[in-house]
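Structure assessment
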Amino acid sequence: MKNKSFGHLLACVCGLVLTVASCEKMTVSQEDGGDKGDANVHLSISSFEQTPFSATRAAVSDVCTRISFLVYDNSGTRIRKEDQQVGDDDFGRVDFMLAKGRYFLVVTAHSGEGNPTSTNAQKIGFTNKTGFTDTFLYADSLTVGEEDVERSLPLKRIVAMVRFIPYDAVPARADSIRFYYTGGSGTFNAVEGGWGVVNSTQVQWYELSHTERKFEIYTIPHTGDDDHLKVLVNTYRRGNGDLSIVSECEIEGIPVKRNHITTCRGFLFSPVYRQTFNITIDDVWDNDSILFYFNE
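Conventions we followed
Residues numbered from 1 in each chain as written. Predicted model: local features only at pLDDT ≥ 70, side-chain atom pairs only at ≥ 80, totals over all residues. Heavy atoms only, no water. Core = buried A, V, L, I, M, F, W, Y, C linked by side-chain atoms within 4.5 Å. Buried < 20%, exposed > 50% of the residue type's maximum accessible area, 1.4 Å probe, protein only. Helix = DSSP H or I, 4+ residues; strand = E, 2+ residues; numbered from the N terminus. Phe/Tyr/Trp six-rings, centres within 6.5 Å; stacked < 30°, edge-to-face > 60°.

1. Topic: the nonpolar core
Counting residues in each nonpolar core, the largest one holds 38 residues, and the members touching the most others are F164, F179, F215 and V231. Those elements giving two or more residues to this core turn out to be β2 (66-72), β5 (101-110), β9 (160-166), β10 (176-182), β14 (215-219), β15 (228-239), β16 (242-255) and β17 (261-266). By residue number, the principal contributor to this core is β9, which donates four residues.

Here is the structure:
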């Protein structure tokens, strides 16, 4: 009788364990959770637009240092987020479990100081603190059924770059430079193709070594690719905890276009001449060219 009661109790405990295990398996699709050993979704980055990239982990790290894999349900709620940094195991690849259903998958790749805000797929944003860098996006629907999902992801560039090549030397007293610019966006809509959705005030700082021959800033253009930036360039000198301005130059009407590099050549630190900015496109990105004249 005693053994029979024990056997009955053991059977109940085993049943309870199996029930708990089953419940746990049903919740592995929740954000930042899940057992990769039971994964039914397998994603890997296959290419980056307009880059000399091959599908290896080393090549992924040549293009970016941070990747975010984001999954949203039909209501737009983010249910899964996995952030990776260069050096992580399987950088550029992820495996996880999702329940059967339809989802929206977003992958961002960049080299900022932090990950973008991503609660809302229609307003994924970088800040001045996290920085603005070359940024790539994959966004598409994702259906999970009986069979495992394996998908190779081609990422597209969603930014424009402005490259400044000054004719004049950096002021000897300056130890930092700030680019303060408006006209573009630091926030994009992944559902609508990654175009900018706000009018951002963007700031980029660089420490100066006085060997620089170029400076680069990034922005996310709005739909239509007809954005023009207004850029204020200041150099500074630090002393006793304060910043003092050494030089200042303001440039208006700089055209930017997604997946294009706008090159501005001129007097950046001593803007006393009528300036001509020749706008060209880097061969690595695209082969179109634009000529733009700016009068200081």
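Back to the write-up after that little detour.
2. Concerning the packing of aromatic side chains
Any two aromatic rings considered together are summarised by their centre-to-centre distance and by the angle between their planes. Using the criterion set out here, one finds eight aromatic pairs in the structure. Centroid distance F48 to F136: 4.9 Å. Interplanar angle 65 degrees. Geometry classified as edge-to-face. Placement of F48 in strand β1 (residues 41-48) and of F136 in strand β7 (residues 136-144) is noted, with a sequence separation of 88 residues between them. For the pair F48 and F136, a shared accessibility class is recorded, and that class is buried. Ring centres of Y206 and F215 lie 6.2 Å apart, and the angle between their planes is 50 degrees; on these two criteria the pair is classed as tilted. On the basis of relative accessible area, Y206 is assigned to the partly exposed category, the value being 27%.

Keep in mind these numbers describe shape, not what the thing actually does.
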